[in-house]
Amino acid sequence: MKMKKLLSAVLSAALLLTGAGVPRIQAQAQEQVQQTADGLSASEKYVAAMGTGWNLGNSFDGVDTDLNAEDKGETAWGNPVVTRELIHAVKEKGYQSIRIPLTLHHRFTSENGTYTIDPKWLERYKEVVDWAVEEGLYVMVNIHHDSWIWLKEWDGSKASEEYVKFTQLWEQLAAYLADEPAQVCFETINEPQFTERENVTDQQRLDSLNQAAYDIIRKSGGNNAQRMIVMPTMNTNHADEKVQGLLTFMQGLHDPNLIATVHYYSEWVYSANLGITEFDEALGDDGNTPRKAADQLFAILTDTFIQNDFGVVIGEYGLLGYDAGENCLQQGEEMKYYEYMGAKAAAQDGICLMFWDNGSGIDRNDTGYAWKKPLVGTMLETSAVQRSSYATGLDTLYFKEKAKKDVQIPLTLNGNTFTGIEGAEQGTDYTYVEKTAVVTLKKEFINQAYDSLAKNATGTFADLTFTFSGGAPWHQYLVKHGDVTVGSASGTTEKGIQVPITWQGSRVRRVSAYAAGGKVGPQSGWWNYLQYQEVFSPDYEQGMFEVTKNFFADDTVKGKDGLIRFVIELFDGSSTDLWLKVSGEKVTSKKSLEKKPAVTAVNVKAGEKKTLKVKQVADGAVVSYQMGNKKIATVSAKGVVKGVKAGKTKVKVTVTQYGKTETVTGSVQVSR
């Protein structure tokens, strides 16, 4: 490992020298970096100095795509006006860089092929950029949602409107910010994407745009001749062909002041909660996990860009479920992701992580700018400078009754040492074995806390704070739960349905859905579980479970009447079923499937045939048959029994429907 932590410390100290002008501070910082970081390229040094970053998301990039609507500017997507105090708070939380996404759609006029950015919009944007510069933050400027609003339709011709517009906007932006100090870098375009065209590839179009922005910036005067320019991979994806495409282009420019950028939101099924809720949970049969996927990301970035002397900014990282509801992600497993990402970035010089925050992270309506999820915020801040420890398993232990034995909690220390549990006494309330890093909670200690709840109450009865020699503390929760009960409700396919459920302290881990013939719902063709919030959402306070209209709009369900079974798996290890009946647009809930499959007894003569009658089998179910004594009778794949000789035997019928398999038997009597 090179000298990333030292570089960041040196640069931060230089940037904060009292009374020094920003350009001089920047020069001093760069000089000190040169003195302490032999072996790093200019690009890597710059990224090392960026440290850990934060995105001012959904502010200057927020926009109403309807040009006839009033432009609400930086408040368009619900966030308040950006304040100097917010930028200061970002610095105080330990961030060393800030990305300020900028959408220009709706903020320029066009006349006779000339596109002019609203000068007031540029002035206001620059004001916030300057606030960040004054705080000593490195600043990344980009053109943001324009990529999918209008630029994606570009056909590759330099005479086309999209190309002309893109180049003219960069000409104005580069010139307007030309005198910003070197700590401001320019990102050419956010998340480039294109509609498929026959005569040009996506990479060719991206290369052309990157080249155009590069040429404009370099020729625009001021500090732009040497300014760091950040270039994205196609879709800001880290797949091999994407990174190789960008690497080839960047190498062709022969410019040391270039940085590569990708975005990373982990594996989708974990990030958005499609049933994978643990950071070390297998994603499939190949043994991959979200943790291993992060390893693969950093290996690709290192082998592709770092080894070729290009620094890398992961311009957006986070989890997609972060703002999909407070209970979308299992909080402890979410924090393990942030902890590990910080550790991986810290171990590799030339890689900067920038947390994507669209307003769901730092509370921009709070005068103190606190984190909306304090424990997650603490982990985000801490992971930038040191490793943290945690329970190897979940952060929550469930109890349906008092503990009958001591409970062990293995720890993942990450180089730290365990120092205790706040408010608990080692030896009396718990023990710790250093060699195995296992905390054992005494059953008496657990039960004393258990008794603190009212007799029939459920929920958290202990919040244990584990402390370590370094990093963030870890909260381990003890929860009393009871049996989940499902009520009745009705709804429509157009609006979805909300079914009353008494949760009794339990929490949903994942949900799957089945019609008679098998899995149904979005992604059911390739995945086992439904997506949190998009398809289902539990409400623990109100005692509800919602199945959204998106489920009923899926092709596997739309226009199909019948029963649907939802399997709701809970973190306490249990599961419950929710049955819905769809009839046209009407949806009603049922407590359970009324009857199980049954086989009617068969009487048949030797040499004759008779079809088995199996009751309570839905259309689309998979049914198989097995005769007990084939010397007495045989049975076909379609359930046709043929008598062989007089006697009595059994036939076994296996029925797979609604995601579960049941076996029933019937008697077969063969007469002469």
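Just so it is clear, the structure is predicted and the values come from calculations on it, not from any experiment.

Conventions adopted
Residues numbered from 1 in each chain as written. Predicted model: local features only at pLDDT ≥ 70, side-chain atom pairs only at ≥ 80, totals over all residues. Heavy atoms only, no water. Helix = DSSP H or I, 4+ residues; strand = E, 2+ residues; numbered from the N terminus. Buried < 20%, exposed > 50% of the residue type's maximum accessible area, 1.4 Å probe, protein only. Contact = heavy atoms within 4.5 Å. Areas by Shrake-Rupley, 256 points an atom, 1.4 Å probe, with all protein chains shown as cover. Lys, Arg positive; Asp, Glu negative; His and termini not counted. Charge placed at Lys NZ, Arg CZ, Asp CG, Glu CD. Axes fitted to C-alpha atoms, helices over the stretch in contact; angles between N-to-C directions. Parallel < 35°, antiparallel > 145°, perpendicular 65-115°, else oblique. Left-handed = near helix turned anticlockwise from the far one by under 90°. Nonpolar A, V, L, I, M, F, W, Y, C, P; charged D, E, K, R; others polar. 1 Å grid on protein atoms, 1.4 Å probe; cavity = no way out; pocket = protein on both sides within 12 Å on 5 of 7 lines; lining within 4 Å. Points joined across faces, edges and corners; volume = space filled by probe spheres on them. Expected span 1.5 Å × (residues − 1). Salt bridge = Lys/Arg side-chain N within 4 Å of Asp/Glu carboxyl O.

(A) Representation of the overall build of the protein. On a plain count of helices and strands, the protein comes out with 15 helices and 37 strands. Taken over the C-alpha atoms alone, the protein extends approximately 105 × 70 × 45 Å along its principal axes. A burial count over the protein gives 56% of its 672 residues as buried. If you take every contact in the protein between residues at least 6 apart in sequence, the share linking residues at least 24 apart comes to 69%. Accessible area of the protein: about 29200 Å², with a carbon and sulfur share of 46%. Between the averaged position of the 70 positive side-chain charges in the protein and that of its 83 negative side-chain charges there is a distance of 15 Å.

(B) The packing of helix 7 (residues 161-176) against helix 8 (residues 202-218), seen in detail. In contact at an axis separation of 9 Å, helix 7 and helix 8 are set at 30° when each is read in the N-to-C sense. Here helix 7 lies roughly parallel to helix 8, going by the angle between them. Judged by the twist between their axes, the crossing of helix 7 over helix 8 is right-handed. Contacts from Y163, F166, T167, W170, E171 and A174 of helix 7 reach helix 8 at S208, L209, A212, A213, I216 and I217. Residue composition of the contact of helix 7 with helix 8, grouped by class: nine nonpolar, two polar and one charged.

(C) Representation of the environment of G321 in the model. Its location among the elements puts G321 in the loop between strand 9 (311-317) and helix 12 (331-346). Each C-alpha atom of the pair G321 and L274 lies 9.8 Å from the other, and the pair is 47 residues apart in sequence. Those residues within four positions of G321 in sequence are excluded, and the remaining contacts are S271, A272, C328 and L329.

(D) A look at the layout of surface pockets. Estimated volume of the largest pocket: approximately 600 Å³. Elements with a contribution of two residues or more to the lining of the largest pocket: helix 13 (374-383), strand 12 (396-399), strand 17 (459-468), strand 18 (474-480) and strand 22 (508-515). Per-element tally for the lining of the largest pocket: the top contributor is strand 22, with three residues. Residue composition of the lining of the largest pocket, by class: twelve nonpolar, eight polar and six charged. Around the second largest pocket, the lining is made up of 19 residues, and of these Y265, E316, L320, W356 and N358 lie nearest the centre. Residue composition of the lining of the second largest pocket, grouped by class: nine nonpolar, seven polar and three charged.

(E) Geometry of helix 9 (residues 240-253). Taking 1.5 Å of rise per residue, the 14 residues of helix 9 would be expected to cover 20 Å, and the 21 Å separating its terminal C-alpha atoms lies within 8% of that figure. Of the positions making up helix 9, those classed as buried are K242, V243, G245, L246, L247, F249, M250 and L253. Those residues of helix 9 that are buried lie in contact with helix 8, strand 7 (229-232), strand 8 (258-264) and helix 11 (290-304). Of the residues one or two after helix 9, H254 is the one with positive phi, at around 55°.

(F) Broad picture of the packing of helix 12 against helix 13. Interhelical geometry of helix 12 versus helix 13 gives an angle of 15° and a closest axis separation of 8 Å. Accordingly, the angle class assigned to the pair helix 12 and helix 13 is roughly parallel. Remark: the crossing between helix 12 and helix 13 carries right-handed chirality. The segment helix 12 lies against helix 13, with Q331, E334, M335, Y338, E339, G342 and A343 engaging L375, V376, M379, L380 and S383. Split into classes, the residues belonging to the contact of helix 12 with helix 13 amount to seven nonpolar, three polar and two charged.

(G) Molecular detail of the environment of K660. Relative to the elements of secondary structure, K660 occurs in strand 37 (residues 660-671). With 144 residues separating them in the primary sequence, K660 and A516 have C-alpha atoms 9.4 Å apart. Leave out the neighbours within four places in its chain, and K660 touches R565, D577, W579 and V655.

(H) The arrangement of the pattern of salt bridges in detail. Evaluated as defined, the whole model comprises 24 salt bridges. Across the salt bridge formed by R124 and E127, the nearest N and O atoms sit 2.8 Å from each other. Pair noted here: R124 and E127 are both in helix 5 (residues 119-134), with a separation of three residues, about one helical turn. Here R124 falls in the buried class, since its relative accessible area comes to 17%.

The analysis is restricted to geometry; functional conclusions fall outside its scope.
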